[in-house]
Number of protein chains: 2
Amino acid sequence: MTTSREVRLISRPVGTPTAANFEVATVDVAAPGAGEVLVRNTWMSVDPYMRGRMYDRASYVPPFQIGEALQGGALGEVIASNAEGFAPGDLVSSMFGWRESFVAPAAALEKLPRTTNVPDQAFLGVLGMPGLTAYAGLLEIGQPKPGETVFVSGGAGAVGSVVAQIAKIKGCTVVATAGSDAKCDWLRSRGVDHAINYRNGDLLGQVKAAVPKGIDVYFDNVGGEHLEVAIEMARPFARFAECGMISAYNDMEAAPGPRNIIQVVGKSLRIRGFIVMEFAALRPQFLKDMMGWIADGSLAWEETVLDGVAKAPDAFIGLFSGGNTGKMLVKL
Amino acid sequence: MTTSREVRLISRPVGTPTAANFEVATVDVAAPGAGEVLVRNTWMSVDPYMRGRMYDRASYVPPFQIGEALQGGALGEVIASNAEGFAPGDLVSSMFGWRESFVAPAAALEKLPRTTNVPDQAFLGVLGMPGLTAYAGLLEIGQPKPGETVFVSGGAGAVGSVVAQIAKIKGCTVVATAGSDAKCDWLRSRGVDHAINYRNGDLLGQVKAAVPKGIDVYFDNVGGEHLEVAIEMARPFARFAECGMISAYNDMEAAPGPRNIIQVVGKSLRIRGFIVMEFAALRPQFLKDMMGWIADGSLAWEETVLDGVAKAPDAFIGLFSGGNTGKMLVKL
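Residues numbered from 1 in each chain as written. Chains lettered and ligands numbered in written order. Predicted model: local features only at pLDDT ≥ 70, side-chain atom pairs only at ≥ 80, totals over all residues.

**Topic: the overall build of chain A**
To be explicit about the condition: Helix and strand definitions follow DSSP, with helices as H or I runs of at least four residues and strands as E runs of at least two, each counted in order from the N terminus. Residue burial here comes from a neighbour count, namely the number of other C-beta atoms, placed from the backbone, that lie within 10 Å of the residue's own C-beta, with 20 or more meaning buried, 12 or fewer meaning exposed, and in between meaning partly exposed. Note that contacts rest on C-beta atoms placed from the backbone: two residues are in contact if these are within 7 Å.
Each helix and strand in chain A was counted, giving nine helices and 15 strands. By residue count, 51% of the 332 residues in chain A fall in the buried class. Of all intrachain contacts in chain A linking residues separated by at least 6 positions in sequence, the fraction that spans at least 24 positions is 66%.

Structure follows, in C-alpha cells:
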C-alpha cells in the first residue's frame, strides 16, 4: 500500500489566499485496478487561474470542493500499470497535481516523450499549458506582424515570458512589464526592447516614453491599470489577447473597469478573451515550433522551484505577490 | 448669387451641448467653377458621432473648427453644374450638411438613384450611413446564427432599430432597450421579442427576466451600464459589436468602465469596436438586401423631422435625451 500526502482546500479564500485556507493530509493509495495506472508525481504546477476555481461559482471549470484535494497540472512517473500503453518508468502528465501519488484511469493520463533537450518539468511550463497559452494567444489573437509593437503585462511570468520572446522571434518591438528590476534585467537579456518595472509607478508615462507611437498588440495577464494603459496606447485596429487579469483575482469587490473603454469604438479595437483549451488543436505545431526555438537559443526560460508538496500553498500564494520569475513549480 | 444659411460651432460644448454652442450665419455661395456643382440641400442628418468631432482632439475624423460651418451627411438637388455627370435636378449626397446650399467639386458628391419605393431621406437613414452601420456591425462582427439571442441598446434609434429588425430577419431572439414605452411599443410592433424601457431601472434584472439563458450577440450604441449588463448576461464566446457609447459622449470626466470586465477572459468574449468606413465595400450587398427587406415588409423605420436649418442644433441636442424615434432629420 502506497501513502500520499495531498493538499486540500479547507476554506475559500476571501481576498488574497493564506496558508490557513489549505491543509496537508496523508491518504492511502490503492493498487491500480483494471485499466488504471499508479503514478508518483515528480513535479506539480501552480497557476493563477486556480484562484478562480476557489470561488464557489460556475465558470469554464468547476469550483474546487472544500475538504478535497486540489487539482492541477502535474508530471509523474508510472510506478505500476494495469493499462495498455503504460509501463513503469513512463513519464506522464495529468491534472492530479497537489498530491504525491495517485491512481487514475489511463484516459486521464498523457504519456510524454523523454527528450534530452529539455528537463521534464518544461512540460508544465514552456512546453505545457502556459507555453501553449502564450503561443496561441499571441499568434492567433494578437496576430503580430513584423515591425509592429507588442505590449505584454506580467512579462516575466510563465506565460508572459514566452509571449515576449515569441514576439521578438516574429520581428516585433516588445515592451514588457514586470515587478522587479531583476526581472526586467532578465527580459532585456532575452532581447526585449523595453522592460518596465511597474512598481516604479506612472505606468502610462513609462509605456509612452518607451513606445510613443503606441502599440499594435496587447497580451494581458494583469488587467486593471495595465489594461487601461494598453487601451490608451493602442493604435487603431490593435488586437488585445485577454489571457488573464491577475490584479483582480483577489478583489473582494469588483473594481471599476477601464475608464477609457470608449476608445474601443473610435480606435476599432479588437478585445478577445480566451481559454487555452480553445486552441488545443495547435499543440503539435506549437511543440514543433517551440522545440526549434529552444534548440536554436531563441527561447529560454526561468523557473522558481519550491520543494515538497507541503510547500504547494506557499508557491501558489506567491504568484500574487510576484514571488516567481518564470514558471512557479513544486518539486515532489 | 445664391445665399445660404449655415450652422457654425462657436464654442466647444462642455458636457451636454446647448444652443449657445451654435450660431446661424448667412453666406454668399458663388457660382460653380470648372468641375464644380451647386447643390441646394433638401435634408440633413444629425448623428451622435458628431459630438466626438466637437472635442479638440485627434480621432478618426478631424475635429470641427470653431467659427466654421459644421459638416455631416446631407441630401440635395443639383441646381447648376459645371461638372460632367451631374445635371440640374439630380439627387446627390454629400458631407456638406448644416447648410442650405453649397458649391463643391464633383468628387465630393455621390449621385443617388431616384427610387419610387423609398423617400429620398432614407439615404440618410436606413439606406445610408446608419443603416450600413447596423448591417455591417451586426452581420460582420456579431455574426448572429438562427436561434441565437441578440441584445441591442438604443434599439429605437437610427442604427439600433435596423439592428433589431435584421436580427429578427436572421432568425434570432431579440431583446432591445429604448427610453420610452412608446418606443418599446414600436419595437414590439416590428417583431422584437423583448423591448425594455431602461428608464424603468434595474436594467440587469429586466434583461435577465427577458432572456434568462443569456445573450450571444451584443450590439452596443449606449455603453455604460448597458455594456456592463451585456457582459454579465453574455454567454461563452459572445460577440460584442461596439458601435457607440452615447451615454458617455457628454461626460465631463471619464466614468469607470464595466466592473465585470474580467469576465471577458473566462467567457472568451470578443469585443470589437468599429467605424462604418471599414465596411464601405459591403455597400452594394447592403443596398440590395435592404431594398429587398423593405419591399417585402420585413424592414420598416421611423423618422423624427425638424424643419429648417436653424433647428439643426435642437435636432442634434435632442439625440442625447432620446428626442428621436428612429432617424433624426432636418428638412431644409
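**Quick notes on the relation of the copies chain B and chain A**
The criterion, for reference: Least-squares fitting of one copy onto the other uses the C-alpha atoms of those residues that reach a pLDDT of at least 70 in both copies.
Once chain B is rotated about the relating axis by 180° and shifted along it by 0.0 Å, it coincides with chain A to within an RMSD of 0.0 Å. Here the symmetry operator amounts to a two-fold rotation axis. The position closest to the rotation axis in chain B is occupied by the C-alpha of Gly257(B), lying 1.9 Å away. A symmetric contact is evident, with 100% of the interface residues of chain B recurring at the interface of chain A.

**Section: the interface of chain B and chain A**
Put simply, the rule is: Only Asp, Glu, Lys and Arg are considered charged, only Ala, Val, Leu, Ile, Met, Phe, Trp, Tyr, Cys and Pro nonpolar, and every remaining residue, Gly among them, polar. In this description, strands pair whenever DSSP reports at least two bridges between them.
At the junction of the two partners, chain B supplies 31 residues and chain A supplies 31 residues. Element by element, the count of residues in the side of chain B that touches chain A is highest for strand β13 (residues 270–273) of chain B, at four residues. A class-by-class count of the residues in the side of chain B that touches chain A yields 16 nonpolar, nine polar and six charged. Bridge analysis of strand β13 (residues 270–273) of chain A against β13(B) gives three bridges, and the strand direction is antiparallel. Pairing of Ile271(A) across the sheet is with Ile271(B), part of β13(B).

**Re the sheet that holds β13(A)**
Strand pairing within a sheet occurs via backbone hydrogen bonds; the two strands may be parallel or antiparallel. What counts, and what does not: Here an angle of 0 to 180 degrees is reported between the N-to-C directions of two axes, which are lines fitted to C-alpha atoms, with helices fitted over the stretch in contact.
Spatially, twelve strands are ordered β10(A)-β9(A)-β8(A)-β11(A)-β12(A)-β13(A)-β13(B)-β12(B)-β11(B)-β8(B)-β9(B)-β10(B) in an open sheet, and the strand pairing comes out mixed. Two strands close off the open sheet at either side, each with one partner strand: β10 (194–197) of chain A together with β10 (194–197) of chain B. Going across the sheet, the axis of each strand differs from the next one's by a mean of 15°, ignoring polarity. In the sheet, strand β8 (residues 149–152) of chain B pairs with strand β11 (residues 215–220) of chain B via three bridges, with the strands oriented parallel. The residue of β11(B) that forms the bridge with Val150(B) is Val217(B). Along the sheet face, helix α3 (residues 160–169) of chain A touches β8 (149–152), β9 (173–178) and β11 (215–220) of chain A and points at about 165° away from the line of β9(A). Lying on the sheet, helix α4 (residues 181–189) of chain A is in contact with β9 and β10 of chain A; it crosses β10(A) at an angle near 170°.

**Some points on the domain arrangement of chain A**
All names here are of chain A. In plain terms, the rule: For the domain bounds, the source is a domain assignment made automatically or taken from a database.
As far as domains go, chain A holds domain 1 (2–124 + 302–331) and domain 2 (129–277). In this structure, domain 1 and domain 2 have C-alpha centres spaced 29 Å apart. Facing the 17 residues of domain 1 at the interface are 16 residues of domain 2. The set of elements that each furnish at least two residues to the side of domain 1 that touches domain 2 consists of α1 (50–53) and β15 (327–331).

**Focus on the environment of Ile66(B)**
Residues and elements named next belong to chain B. By the element assignment, Ile-66 lies in the loop between α1 (50–53) and β4 (74–81). Between the C-alpha atom of Ile-66 and that of Arg-12, which follows or precedes it by 54 residues, the distance is 7.5 Å. Setting aside residues no more than four positions away along its own chain, Ile-66 makes contact with Leu-9, Ile-10 and Ser-11.

**Section: helix α3 (residues 160–169) of chain B**
Residues and elements named next belong to chain B. Counted residue by residue, α3 has eight buried out of ten residues, so it is predominantly covered. Within the span of α3, buried status applies to Gly-160, Ser-161, Val-162, Val-163, Ala-164, Gln-165, Ile-166 and Ala-167. A positive backbone phi angle near 85° is found at Gly-171, which sits one or two residues after α3.

**Regarding the confidence of the model for chain A**
Note the following rule: Every residue gets a pLDDT, meaning the predictor's confidence in that residue, from 0 to 100.
For chain A, per-residue confidence averages 96 on the pLDDT scale, and residues scoring 70 or more make up 100% of the total. The complex prediction reports pTM at 0.95, with the ipTM value standing at 0.94.

**Comments concerning helix α8 (residues 283–295) of chain B**
Rules: Take the number of residues in a helix, subtract one, and multiply by 1.5 Å to get its expected span.
Helix length check: α8(B), at 13 residues, gives a terminal C-alpha distance of 18 Å against a target of 18 Å (1.5 Å per residue), a fit within 8%. Phi for Gly297(B), located one or two positions after α8(B), is positive at around 85°.

**Considering the environment of Ala241(A)**
All names here are of chain A. Here Ala-241 shows up in strand β12 (residues 234–242). When the C-alpha positions of Ala-241 and Gly-142 are compared, they lie 5.9 Å apart, and in sequence the two are 99 residues distant. Sequence-distant contacts of Ala-241, that is, excluding residues within four places in its chain, are made with Gly-137, Leu-138, Ile-141, Gly-142, Phe-219, Asp-220, Arg-272 and Phe-274.

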